[in-house]
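Remarks on the overall topology
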Amino acid sequence: MNLQILSQYLDYLEIEKGLALNTIEAYRRDLTEFSDFCTEKGAEEVQNITRSHINGYIMMLHDKSLTATSVMRKTASLRGFFKWLCANEICTTNPALTLEQPKVPKKLPKVMTVEEINTLLSQNLNKCEKVILELLYGCGLRVSELVNLKINDMDLSAKYLQCTGKGSKERIVPIGSKALKAIKDYEKERDFILQKNRLTSKNLLLTEDGKNITRQEVYTFIHKLGEKIHKSISPHTLRHTFATHLLENGADLRVVQELLGHSDVATTQLYTHISKKRLKEVYFAING
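Residues numbered from 1 in each chain as written. Predicted model: local features only at pLDDT ≥ 70, side-chain atom pairs only at ≥ 80, totals over all residues. Heavy atoms only, no water.

Points about the overall build of the protein
If you tally the helices and strands in the protein, you get twelve helices and three strands. Relative to its 288 residues, the protein shows a buried fraction of 39%. Relative to all contacts within the protein whose residues are 6 or more apart in sequence, the contacts with residues 24 or more apart total 58%. Summing over all exposed atoms, the protein offers an accessible surface of approximately 16800 Å²; the carbon and sulfur share of this is 51%. (Helix = DSSP H or I, 4+ residues; strand = E, 2+ residues; numbered from the N terminus. Buried < 20%, exposed > 50% of the residue type's maximum accessible area, 1.4 Å probe, protein only. Contact = heavy atoms within 4.5 Å. Areas by Shrake-Rupley, 256 points an atom, 1.4 Å probe, with all protein chains shown as cover.)

Put into structure tokens, the structure is as follows:
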């Protein structure tokens, strides 16, 4: 496959579609793997790739025992790529046009109880860790939104923050009283860290040496914190818990959709299934 064509497509995903860099990197890996497969089968140019090449590639993925989710993502990469090739008249036919997506069983995300959240918050956390926990659970932020949050993204007097989510979509999220207190308590410490290291930074969350906190550092912190409640949890577990607790306490589905930054309400509806499942569990625990 012509690397220039692949590069142009990835530029299109970044500039015109506004996809996140991590998503673009996933497309790069998927399409490079597909390109290598087609080259081995004698189809070095995209114009020579046929449906049989695609079918053979998908069979290879299944032979590798990849999960249905991984196969679905790679299939979606191919469909988007060939659609773009045809739209730009690089290919005259689309071999991926009638390609079906594999069915993926819906998995309900892990959710914590209010008691478990309180246990996490009652740990001996430093001021920065307290902010991380409050913003993930209290505001339902994605980990990428959290680590990229800037000081001027927040209006503490008006009690809201603005974050940039998937597809460069901006949204406004209210800041609760506990999260607000955690941020205010942390601000002085943050200023001290910058002065001590003679640095300037617009990012809210900083390490002790004044560097921006990374996604991996947040993941490690949350995973370790989960040991306190004997659960394997991630930053996204806190986001799921935020949404579920809102719905369980009577929040409107559309409001939760806005707070989470979901473009489709169907994604948010998943949390109503969690609430129903938990309701059944509580009922049968009481009534046998």
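Thoughts on the environment of Ser77
Relative to the helices and strands, Ser77 resides in helix α4 (residues 68-87). With 47 residues separating them along the chain, Ser77 and Asp30 place their C-alpha atoms 6.9 Å apart.

Some points on the pattern of salt bridges
Scanning all chains against the criterion turns up eleven salt bridges. Taking the shortest distance from any N to any O, the salt bridge between Glu145 and Arg171 comes out at 2.7 Å. Remark: Arg171 occurs in strand β3 (residues 170-174) and Glu145 occurs in helix α7 (residues 143-147); sequence separation between them is 26 residues. Assessed through its relative accessible area of 9%, Arg171 is described here as buried. Bridged by salt links that share partners, the residues Asp30, Glu33, Lys64, Arg73 and Lys74 form one connected network. (Salt bridge = Lys/Arg side-chain N within 4 Å of Asp/Glu carboxyl O.)

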